[in-house]
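One-letter residues, chain by chain:
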Amino acid sequence: MGSSYHSCDSVVYDQLRKHPFAIVFRCAGTVWPLVLPYCVLNILLLTALTILKDYYDINISIQPQGHALMALLVSYLGVSKVNLAYERYMSAQIAAGHALMTLRELNQMSIMMTDPFEGAGAEEWREDTKQSIVQLIHESVSTLRDGRLSAALARNVGYPSGSSGVDAKTSRSKRFGLEDPMVLVH
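A brief structural summary.

1. Here we look at the overall build of the protein chain
Scanning the protein chain from N- to C-terminus turns up seven helices and zero strands. For the protein chain, the sequential pattern of α-helices and β-strands runs α-α-α-α-α-α-α. For the protein chain, the proportion of its 186 residues judged to be buried stands at 16%. Roughly 14900 Å² of accessible area belongs to the protein chain as shown, and the carbon and sulfur atoms make up 65% of that amount.

Laid out in structure tokens, this is it:
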């Protein structure tokens, strides 16, 4: 289940509710795979410096005045990172809500505008429009539920066609000759 962005498997949200430490130590969507080698290097360097100081009486240390500034910078960066993640989440939630509301309004407008028309052709057009809107909703929800696709959309990098979980034989996007189901959303 790995992707090109990271090699760790994603954590299921039910496991996150049961084990709070799973949130801290999960690999999916975090920088753990990128940062962990530096943490190991830091431990090795600290061990070497401690051995030099304790056993060989060589003191290679830094004065503690710089640590206050570093603590301030780290706390600022941590808060700004959390605020940025929250803003992205809220904007994605608002955009998804607006998209689904627009699809509902499109359905209502198509019903209202075609109400005076009678006949098999009008009924067929209404049914086809309804099925298209339902398919749009299905494709959108499938994309939002799939963590890999949501992460790709958050990074603005797109994704391979046919990976939304919809059967390619029955997909309306395939019927109209579109390889990427999200083309219908745009």
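2. Topic: the layout of surface pockets
Of the volumes computed, that of the second largest pocket is approximately 290 Å³. As for the second largest pocket, its lining consists of Leu49, Ile60, Ser61, Ile62, His67 and Met70.

3. Things to note about the pattern of salt bridges
Tallying each qualifying case throughout the model produces two salt bridges. Glutamate 127 is the salt-bridge partner of lysine 130, the closest N and O atoms lying 3.6 Å from each other. Of this pair, lysine 130 and glutamate 127 both sit in helix H5 (residues 120-145), three residues apart, roughly one helical turn. You can call lysine 130 partly exposed: its relative accessible area is 38%. We classify glutamate 127 as partly exposed; its relative accessible area is 38%.

4. Observations regarding the side chain of serine 110
In this structure, serine 110 sits in helix H4 (residues 65-113). According to the relative accessible area criterion, serine 110 is buried, its value standing at 10%.

5. Observations regarding the packing of H4 against H5
Here H4 crosses H5 at 175°, and the two axes come no closer than 10 Å. In terms of orientation, H4 lies roughly antiparallel with respect to H5. Residues Ala96, Leu100, Leu103, Leu106, Asn107 and Ser110 of H4 touch H5, and the partners they reach there are Trp125, Thr129, Ile133, Leu136, Ile137 and Leu144. For the contact of H4 with H5, the per-class residue count stands at nine nonpolar, three polar and no charged.

6. With respect to unusual backbone geometry
Positive phi is not limited to glycine here, since aspartate 57 has a value of about 55°. Inspection of the secondary structure assignment puts aspartate 57 in the loop between helix H3 (32-56) and H4.

7. Overview of the side chain of threonine 143
Mapped onto the fold, threonine 143 is located in helix H5. Relative accessible area serves as the criterion here: at 2%, threonine 143 is assigned to the buried category.

Rules used in this analysis
- Residues numbered from 1 in each chain as written.
- Predicted model: local features only at pLDDT ≥ 70, side-chain atom pairs only at ≥ 80, totals over all residues.
- Heavy atoms only, no water.
- Helix = DSSP H or I, 4+ residues; strand = E, 2+ residues; numbered from the N terminus.
- Buried < 20%, exposed > 50% of the residue type's maximum accessible area, 1.4 Å probe, protein only.
- Areas by Shrake-Rupley, 256 points an atom, 1.4 Å probe, with all protein chains shown as cover.
- 1 Å grid on protein atoms, 1.4 Å probe; cavity = no way out; pocket = protein on both sides within 12 Å on 5 of 7 lines; lining within 4 Å.
- Points joined across faces, edges and corners; volume = space filled by probe spheres on them.
- Salt bridge = Lys/Arg side-chain N within 4 Å of Asp/Glu carboxyl O.
- Axes fitted to C-alpha atoms, helices over the stretch in contact; angles between N-to-C directions.
- Parallel < 35°, antiparallel > 145°, perpendicular 65-115°, else oblique.
- Contact = heavy atoms within 4.5 Å.
- Nonpolar A, V, L, I, M, F, W, Y, C, P; charged D, E, K, R; others polar.

Keep in mind these numbers describe shape, not what the thing actually does.
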